[in-house]
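# Remarks on the overall topology
Chain by chain, the residues:
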Amino acid sequence: SLKAAVPVGYDQDALLLELSTITDEIGFTLNAVSFSDTVSPEYGKTINISANFTGTYDDLVSFLQALESADRLMRVSNMSFQRTSSSAVAFNVSIEVYYQ
């Protein structure tokens, strides 16, 4: 529904819980997250999230797929990753989450 995709108010607690649930289901670690609020004439009201995760490359792909099917409307605006070991990768992801 539209209300679930673009809720009234940004409901930061529910958003943090949703991100935490996604990362727990995938099996990688949410190391840090920060939020900022923005209003743009072009895109409307968004919460900008910067998050750092640790996992595998497959975890990153699963995370992006989970964001595409999340209840809330989200858009990845920036992403970088760095290999930390033979199998682990650190991800930095910037996400815009929309609200009314």
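Residues numbered from 1 in each chain as written. Predicted model: local features only at pLDDT ≥ 70, side-chain atom pairs only at ≥ 80, totals over all residues. Heavy atoms only, no water.

### As for the pattern of salt bridges
Scanning all chains against the criterion turns up one salt bridge. The partner of Glu96 in a salt bridge is Arg75, and the shortest N-O contact between them spans 2.8 Å. A residue pair is termed long-range when its members are at least 10 positions apart, and Glu96 in strand E4 (residues 89-99) and Arg75 in strand E3 (residues 74-83) qualify at 21 residues. (Salt bridge = Lys/Arg side-chain N within 4 Å of Asp/Glu carboxyl O. Helix = DSSP H or I, 4+ residues; strand = E, 2+ residues; numbered from the N terminus.)

### Overview of the pairing of strand E2 (residues 44-55)
Of the strand pairs in this sheet, strand E1 (residues 29-40) and E2 are connected by eleven bridges, and their pairing is antiparallel. When the bridges of E2 are listed, Leu30 appears paired with Phe53. What sits between the antiparallel neighbours E1 and E2 is a turn of three residues. Of the strand pairs in this sheet, E2 and E4 are connected by eleven bridges, and their pairing is antiparallel. Directly across from Asn52, in E4, lies its bridge partner Asn92. (Pairing = 2+ DSSP bridges.)

The values are spatial; any link to function lies outside them.
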